[in-house]
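# Survey of secondary and tertiary structure
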Amino acid sequence: MSAGSRAAGQRDEISFGNGGHEPFPAELGQQASAAWPAITTSGLTKRFRGGQLAVNGVDLAVQHGSVYGFLGPNGSGKTTTIRMLLGLVQPTGGSHQLLGTAMPAGTNAVLPRVGSLVEGPAFYSQLSGKANLARYDAADRTADPRTAGPRISAALDRVGLLSAARKHYRAYSLGMKQRLAIAAGLLGPRELLILDEPTNGLDPQGTREVRGLIREIAADGTTVFVSSHLLAEVEQICSHVGVMRTGKLVFQGALEELRSRGAARILVRTDQPARAAEVLAGLRLQDIRTAGHEASAQLGAQPPEEICARLVHADVPVAGLETPRPSLEDLFVELTGEGFHVDG
């Protein structure tokens, strides 16, 4: 869907920016990117009829050039937030900017520089991939029909579908269908690409295809905002993350910042775990646990080597000693109270 059709009040499951206007000057895009984050929101809120509060005062800050993973269990408010960013749903409160421009006032100027995929692809099964993209492009009243052919071919080539351009959409694999949807969002130059669950329902091969494509797009300098509930996506493609829980943003920052968030533990392997636990308690360590031939506790200010010396001094045989940090899965469960899918 084009920026123009959105401005006219139309809605669709997939939202795309302008695919055919003359490219905006490169220096203009560079200046905008250097001056402003790609996405900012302040107190963004959506309450539906009946009082349901789907998004509650969200403050996003997505830096230019990042791959931002927007995470949370199903129903946490991710898709509603994305719909508000793109003007598909009107916020109840708060404000937001895309590419440094206040929305929705800047819709016509900004959305041509934004590509997006919301809640899955929707194409005509009897048409080829190329013909489907041609229909999307023709529906954009700001697109230049004189450049449609080269732009469509370039978009198909970008996602690795040029050789399948004339194949019917119904013959595409799930991964190919997702890539075609992303191609529709790349019919023109983009500074920002917003993807809502782009690997949802894909098999491992399709997931790898889409994941690799996101990496390539990001490497070209496009900011990518991708919602997901798959930890594998976060770990492999994202530089920054925001975590949603029941409509609230409960964490935002660099992925490494999230990794370092959890307190390290000290884990002692010994055939006397009860005695080891007594020594750890004497050192005033917290959250002491025993399981099998292991005793563990939350690591405090004491250096691990000092704890080891105290164990040995107390005649506790130490077969091994580690200081592991919580996994990303543990941290997400702590933040959201729910488990995440870790495959993908």
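Up top you'll find the structure we're talking about.
Read on for a plain summary of the structure. (Residues numbered from 1 in each chain as written. Predicted model: local features only at pLDDT ≥ 70, side-chain atom pairs only at ≥ 80, totals over all residues. Heavy atoms only, no water.)

Across the sheet, 4 strands lie side by side as E13-E14-E12-E15; this open sheet has antiparallel pairing. The open sheet terminates on both sides in strands that have one partner only, identified here as strand E13 (286–291) and strand E15 (320–322). In this sheet, adjacent strand axes meet at a mean angle of 15° when their direction is disregarded. In the packing of helix H11 (residues 273–282) onto the sheet, contacts are made with E13 and strand E14 (294–298), and the angle to E14 comes to roughly 20°. (Pairing = 2+ DSSP bridges. Helix = DSSP H or I, 4+ residues; strand = E, 2+ residues; numbered from the N terminus. Axes fitted to C-alpha atoms, helices over the stretch in contact; angles between N-to-C directions. Contact = heavy atoms within 4.5 Å.)

The two faces of a sheet get side chains in turn, since along a regular strand they alternate between them. Within strand E8 (residues 192–196), 5 of the 5 residues are buried, which leaves the element mostly enclosed by the surrounding structure. Taking every second residue as pointing to the same face, both faces of E8 are buried, with Leu192, Ile194 and Asp196 on one and Leu193 and Leu195 on the other. Of the strand pairs in this sheet, strand E7 (residues 114–117) and E8 are connected by 4 bridges, and their pairing is parallel. Bridge assignment links Ser116 to a residue of E8, and that residue is Ile194. Direction of pairing for E8 relative to strand E9 (residues 223–228): parallel, over a ladder of 5 bridges. Following the sheet pairing, Ile194 is matched in E9 by Phe225. (Buried < 20%, exposed > 50% of the residue type's maximum accessible area, 1.4 Å probe, protein only.)

With 47 residues, the main nonpolar core has Val67, Leu133, Leu180, Ile182, Leu195, Val224 and Leu258 as its most contacted residues. With residues near it in sequence (within four places) discarded, Leu258 still touches Val241, Phe251, Leu328, Leu331, Phe332 and Leu335. Counting 27 residues, the second-largest nonpolar core is a separate cluster that includes Ala54, Phe70, Leu111 and Val114. (Core = buried A, V, L, I, M, F, W, Y, C linked by side-chain atoms within 4.5 Å.)

What follows deals with the packing of aromatic side chains. Counted by the stated rule, this structure contains 5 aromatic pairs. Where Tyr169 meets Tyr172, the ring centres are 6.0 Å apart and the plane angle is 55°; that geometry is what we call tilted. Each member of the pair, Tyr169 as well as Tyr172, is classed as buried. A network of ring pairs unites the aromatic residues Phe123, Tyr136, Tyr169 and Tyr172 as a single cluster. A cation over a ring is seen here: Arg135 above Tyr124, with NZ or CZ 5.2 Å from the ring centre. (Phe/Tyr/Trp six-rings, centres within 6.5 Å; stacked < 30°, edge-to-face > 60°. Lys NZ or Arg CZ within 6 Å of the ring centre and 35° of its normal.)

What follows concerns the environment of His64. With respect to the helices and strands, the residue His64 is situated in the loop between strand E3 (61–62) and strand E4 (67–71). Linking His64 and Ile39, residues 25 residues apart in sequence, is a C-alpha distance of 8.2 Å. A polar contact is formed between the side chain of His64 and the side chain of Thr223, at a distance of 3.5 Å. (Polar contact = N/O pair within 3.5 Å; in protein donor to acceptor, adjacent residues only side chain to side chain.)

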